[in-house]
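# Structure at a glance
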Amino acid sequence: VPEKKLKLVMADKDLYKACAVEVKRQIWQDNQALFGDEVSPLLKQYILEKENILFSNDISVLHNFFSLSPKTRRQGEVVQKLTQMIGKNVKLYDMVLQFLRTLFLRTRNVHYCTLRAELLMSLHDLEISEICTVDPCHKFTWCLDACIREKFVDNKRARELQGFLDGVKKGQEQVLGDLSMILCDPFAINTLALSTIRHLQDLVGQDTLPRESPDLLLLLRMLSLGQGAWDMIDSQVFKEPKMEVELITKFLPMLMSFVVDDQTFNVDQKLPSEEKGPIPYPSTIPEAFTKFLQENRIACEIGLYYILHITKQRNKNAFLRLLPALVETFSDLAFSDIFLHLLTGNLTLLGDEFALEEFCTSLFDGFFLTACSRKENVHRHVLRLLLHLHHKVAPAKLESLQKALEPTKQSGEAVKELYNQLTEKLELRKPSPAEVTETPSMELPLPTVPTPASR
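Residues numbered from 1 in each chain as written. Predicted model: local features only at pLDDT ≥ 70, side-chain atom pairs only at ≥ 80, totals over all residues. Heavy atoms only, no water.

### Quick notes on the pattern of salt bridges
On inspection of all chains with the given rule, the structure shows 24 salt bridges. The residue E246 makes a salt bridge to K250 at a minimum N-O spacing of 3.1 Å. Here E246 pairs with K250, and both are found in helix α16 (residues 245-270), just four residues apart, close to one helical turn. Here E246 falls in the partly exposed class, since its relative accessible area comes to 40%. Via salt bridges that share partners, R101, R116, D135 and D178 belong to a single interconnected network. (Salt bridge = Lys/Arg side-chain N within 4 Å of Asp/Glu carboxyl O. Helix = DSSP H or I, 4+ residues; strand = E, 2+ residues; numbered from the N terminus. Buried < 20%, exposed > 50% of the residue type's maximum accessible area, 1.4 Å probe, protein only.)

### Examining the packing of aromatic side chains
Centre-to-centre distance and the angle between the planes together describe a pair of aromatic rings. Under the criterion given, the structure shown has 17 aromatic pairs. Seen from their ring centres, F66 and F187 are 5.0 Å apart, and the 85 degrees between their planes marks the pair as edge-to-face. Remark: F187 occurs in helix α13 (residues 186-206) and F66 occurs in the loop between α4 (32-54) and α5 (70-74); sequence separation between them is 121 residues. Of the two residues, F66 and F187, neither departs from the other in class, the shared state being buried. Through successive ring pairs, a cluster of aromatic residues spans F319, F335, F354, F359, F364, F367 and F368. In this structure, R73 is placed above the aromatic ring of F187, and the distance from its NZ or CZ to the ring centre is 3.5 Å. Just above the ring of W230 sits the side chain of R108; from NZ or CZ to the centre is 3.5 Å. (Phe/Tyr/Trp six-rings, centres within 6.5 Å; stacked < 30°, edge-to-face > 60°. Lys NZ or Arg CZ within 6 Å of the ring centre and 35° of its normal.)

### A few points about the packing of α13 against α16
Relative to each other, α13 and α16 sit at 65 degrees, their axes nearing to 10 Å. With respect to α16, the axis of α13 lies roughly perpendicular. Judged by the sense of rotation from one axis to the other, the crossing of α13 with α16 is right-handed. Here L200, L203 and V204 of α13 come into contact with α16, specifically with L252, L255, M256, V259, V260 and Q263. Class assignment for the residues of the contact of α13 with α16 results in eight nonpolar, one polar and no charged. (Axes fitted to C-alpha atoms, helices over the stretch in contact; angles between N-to-C directions. Parallel < 35°, antiparallel > 145°, perpendicular 65-115°, else oblique. Left-handed = near helix turned anticlockwise from the far one by under 90°. Contact = heavy atoms within 4.5 Å. Nonpolar A, V, L, I, M, F, W, Y, C, P; charged D, E, K, R; others polar.)

Put into structure tokens, the structure is as follows:
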């Protein structure tokens, strides 16, 4: 469309609205502010959708934030709309990436990193080579996407990913900024952290130290790059973060020793009891573990995933042992929405333990309630958990929790709404006097109904 006509279209709002997307692309590519106005509500919607999943009342270990496959996520409304708006236009694609970088810097919200990867892979699915061939992150993202789908980085793909990282040429270091953003996507971090825990368990079985495993070192390198994304883009210094030696020589062997503690304890439990006194589960945590979680970002991330892992295994002893280390962590990572979303899901597997005073005191008083008053999101996650498990908690404990979790004047609408839902559920559970007398009638034998065969 000739330039003159485009100006006429832009001057008439109704005409602009009625335009085909192909014409709008021509207008947008020379008018970043207008394009920004079109994209902005979509980005807001995207972030809101992610937060709704993290705070959903449906708590399950099987269906959580990370359950959807990458392909399914790319079919989402926002990604599809953005893909359509961009078409094959490299200039518009670059503008969207610039918006995402700017918003990530301004808010530190990692969901923008997810969108960066999803958008590229959506264009990849449509085989839009005009864009895929010019985005230097394309092959790396494609390979990582396959790992995210499998929730594991296997050896072959690890080598491929390493090749891309090692292949960043002098003078092109800026690519690291984009790669770090793709590795900062929570779905990538989740895959790298789960793979790290699996590797550590394998190393215990092989009597091998972390420093002797190149695959493990590569996972740490990528975790480190992802976790350093914000700092790198903010400082514009495009260098891979230096790996702290102690992470590999001290912290990871310490995690492996926890795995060994568990295995030893399990074997001890199976031995005939007449030969030994009862062996208690180790209850102290090495001071160094707590210190690592407070001071080292990568150690903290791996430590949190190890705690999720033992919770998923219903390992109550290990969970209670390590729980105190979560009160103070690097950048309060243990109170981040993604971790609390996963933790509440995994805790449903330990449902029966909620009847025990000691377990509830450690979990609620020792961990959750330490942050509820200063962090609205923690307040919301605790209420989500109780909405799901309140029937398992001892009545006296439930009463004190109800008091402790009462919203204040400063509390947001979401907290008040959840608290009201919980109060209603607890009211319904209180037996009315009429019900108490009717209970025996429930135990009457059911009348026998003849089956078709016996007629």
